[in-house]
Amino acid sequence: MSAHIPPDDRPPEPALNIAEIQECLITLQLGHPLLYYASIDSTNTRAAELAREGAAEGTLIVTDYQTSGRGRVGRPWRTFPGKMLAFSLVLRPNFPAQFLVMASAVAVHTAVLTLGQLPVTIKWPNDILVADRKLCGILIESSGDYVVLGIGLNVNGSFAQHPELAQQATTLEQAMGMPVRREAVLCAVLTSLDRIYGTLRSDDQAARKALWQQWRERLTTIGRTVDIVQGERHIRGLAVDVDDDGALLVRLENGTQHAVTWGDVSL
Ligand code: BTN
């Protein structure tokens, strides 16, 4: 295990304890090597650069503060310095992309449940919600022979001072009523993801099916009315199920059914 810690002249407080992360990280593949940045524009951007330079599968980039964090559909992703988790993994999966979407969501969901009995669910395809408020967003970007999996998880602090987000977002601290060690959350997520990723890599069809089932059971989207934005296109209907490839099956008001493979979903 190695930790390369590039210099940075503006470390926010409290900084992540990298030694503690290395101690609790008992993963086979994910998280090695580990690169820590006190502050960086976006861990996904850095991970993509490293992937293009040939970084090993499992390389983890983690930061205390993102200055230009990126979310899905071109949105910015905001983090409170020293309070959230923002990290990215360089991956080279040998299985279809939709299983990485499911794996990442199930891994975070599982990790959050190890911390406490929280009302945690997955909003299709891979947002993690607690009591219907967003706790974690996942951005998967691929190019050439690599995939970057970026996870932003709201650990400590509160959105109470941010009225524009307070109704939509939450943190683990808000949900649990006490601060949570970010190092422990990171290790829990990576441990869970490492296990799932290993089974997917082994090309085990039964493992894929089991993952799909776990993901489907945890989706809060099924059975609810959804608004989906796909660029200029809006789709509104009842989410009735997901298909074997993970597409969301939406019944429109005119009775027709659509298999939705991408888009921004509101419940
Ligand atoms: C979303 O919009 O729900 C996805 C948010 C993903 C944010 C994470 S934070 C770590 C990684 N680096 C980024 O710039 N984005 C992802």
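Small disclaimer: the values here were computed from a predicted structure and weren't measured.

K.L.:
Before we go on, may I ask you to explain helix H6 (residues 182-201) in this structure?
P.N.:
The periodicity of an α-helix, 3.6 residues per turn, causes residues three or four positions apart to be oriented the same way. The end-to-end C-alpha separation of H6 is 28 Å, in line with the 28 Å expected for 20 residues at 1.5 Å each. The element H6 is extensively covered by neighbouring structure, given that 14 of its 20 residues are classed as buried. Taken from the residues just after H6, aspartate 203 is the one with a positive phi, measuring 60°.

K.L.:
I tried to follow the site of the ligand on my own but got confused; where do I start?
P.N.:
Near the ligand, the surroundings consist of 20 residues, among which Ser42, Gln66, Arg70, Arg72 and Lys134 are the closest. Threonine 43 places a side-chain nitrogen or oxygen 3.1 Å from a nitrogen atom of the ligand. A distance of 2.8 Å separates a nitrogen atom of the ligand from a polar side-chain atom of glutamine 66. When isolated, the ligand has an accessible area of 420 Å², and the protein chains bury 99% of it. The cavity where the ligand resides is the largest pocket. Broken down by secondary-structure element, the contributors of at least two residues to the shell around the ligand are helix H2 (43-52), strand E4 (85-91), strand E7 (133-143) and strand E8 (146-153). Looking at the shell around the ligand, the element that brings in the most residues is E7, giving four residues. The residue makeup of the shell around the ligand, split by class, is six nonpolar, 10 polar and four charged.

K.L.:
What's the story with the confidence of the model for the protein chain in this structure? I'm lost.
P.N.:
Detailed reading of the predicted coordinates is not advisable wherever pLDDT is low. Summarising the model, the protein chain shows a mean pLDDT of 93, and 95% of its residues fall at 70 or more. A low-confidence stretch, residues 5-12 stays under pLDDT 50, and its non-local contacts, those more than four residues away or across chains, total 15 contacts.

K.L.:
How should I be thinking about the packing of aromatic side chains in this particular structure?
P.N.:
By convention here, two paired aromatic rings are described through the distance between centres and the angle between planes. By the definition in use, this model includes two aromatic pairs. Relative to phenylalanine 159, the ring of phenylalanine 80 lies with its centre 5.2 Å away and its plane at 50°, an arrangement referred to as tilted. You can see phenylalanine 80 sitting in the loop between strand E3 (60-63) and E4 and its partner phenylalanine 159 sitting in the loop between E8 and helix H4 (163-166), a full 79 residues away along the chain. Judged by relative accessible area, which is 4%, phenylalanine 159 ranks as buried. Residues phenylalanine 95 and tyrosine 197 carry aromatic rings whose centres are separated by 5.5 Å and whose planes lie at 70° to one another, so their mutual orientation is edge-to-face. Of this pair, phenylalanine 95 sits in the loop between E4 and helix H3 (97-115) while tyrosine 197 sits in helix H6, placing them 102 residues apart in sequence. A relative accessible area of 1% places tyrosine 197 in the buried class. Positioned above the aromatic ring of phenylalanine 99 is the side chain of arginine 208, whose terminal nitrogen or guanidinium carbon lies 5.3 Å from the ring centre. A cation sits over an aromatic face here: lysine 209 above tryptophan 212, 4.3 Å from the ring centre.

K.L.:
Please clarify how the packing of H3 against helix H7 (residues 205-218) should be interpreted in this entry.
P.N.:
Relative placement of two packed helices is described by the angle separating their axes and the distance separating the axes. Closest axis-to-axis distance for the H3/H7 pair is 9 Å, and the angle between their directions is 60°. Here H7 runs oblique to H3, going by the angle between their axes. Judged by the twist between their axes, the crossing of H3 over H7 is left-handed. Contact with H3, carried on its side by Phe99, Met102, Ala103, Ala105, Val106, His109 and Thr110, involves Arg208, Leu211, Trp212, Gln214, Trp215 and Arg218 of H7 and no other residues of that element.

Criteria and cut-off values
Starting afresh in each chain, residues are numbered from 1 along the sequence in its written order. Given that this is a predicted model, residues contribute local features only at a pLDDT of at least 70 and side-chain atom pairs are listed and counted only at 80 or more, while totals for whole chains, interfaces and linings are drawn from all residues. Calculated side-chain values reflect all of the structure's heavy atoms, with hydrogen atoms and water omitted. Starting at the N terminus, helices and strands are each numbered in turn, a helix being any DSSP run of H or I of at least four residues and a strand any DSSP run of E of at least two. In this analysis, the expected span of each helix is defined as 1.5 Å times one less than the number of residues it contains. Buried, partly exposed and exposed residues are distinguished by accessible area as a fraction of the type maximum, computed with a 1.4 Å probe on protein chains only: under 20%, between the cut-offs, and over 50%, respectively. Summary of the distance rule: residues count as near a molecule or strand when at least one heavy atom falls within 4 Å of that molecule or strand. Any pair of N or O atoms that falls within 3.5 Å is considered a polar contact. Within protein, one atom must be able to donate a hydrogen and the other to accept it, and sequence-neighbouring residues count only if both atoms are side-chain atoms. The accessible surface values rely on the Shrake-Rupley method and a 1.4 Å probe; as for residues, cover is taken only from the protein chains in view. Here the term cavity refers to a set of points on a 1 Å grid, laid over the protein atoms alone, in which a 1.4 Å probe fits but cannot get out; the term pocket refers to an open set having protein on both sides within 12 Å along at least five of seven lines, with lining residues being those that place an atom within 4 Å of a point. The way we define it, a molecule is inside a pocket or cavity when more than half of its atoms are within 2 Å of that pocket's grid points. Residue type decides the class: Asp, Glu, Lys and Arg count as charged, Ala, Val, Leu, Ile, Met, Phe, Trp, Tyr, Cys and Pro as nonpolar, and the leftover types, Gly among them, as polar. What pLDDT reports is the predictor's confidence in each residue, on a scale of 0 through 100. Two residues qualify as a contact provided that any one of their heavy atoms is within 4.5 Å of a heavy atom in the partner residue. Centre distance within 6.5 Å is the pairing criterion for rings of Phe, Tyr and Trp, where only the six-membered ring of Trp is used; planes under 30 degrees apart are then read as stacked, over 60 as edge-to-face, and the remainder as tilted. In this analysis the charged atom, NZ for Lys or CZ for Arg, is taken to sit over a ring once it is within 6 Å of the ring centre and within 35 degrees of the ring normal. Only the stretch in contact is used when fitting a helix axis, every axis being a line fitted to C-alpha atoms; angles between N-to-C directions are given from 0 to 180 degrees. Any angle between 65 and 115 degrees counts as roughly perpendicular, while under 35 counts as roughly parallel, over 145 as roughly antiparallel, and the rest as oblique. The hand of a helix crossing depends on one turn: near helix anticlockwise from the far one by less than a right angle means left-handed, and clockwise means right-handed.

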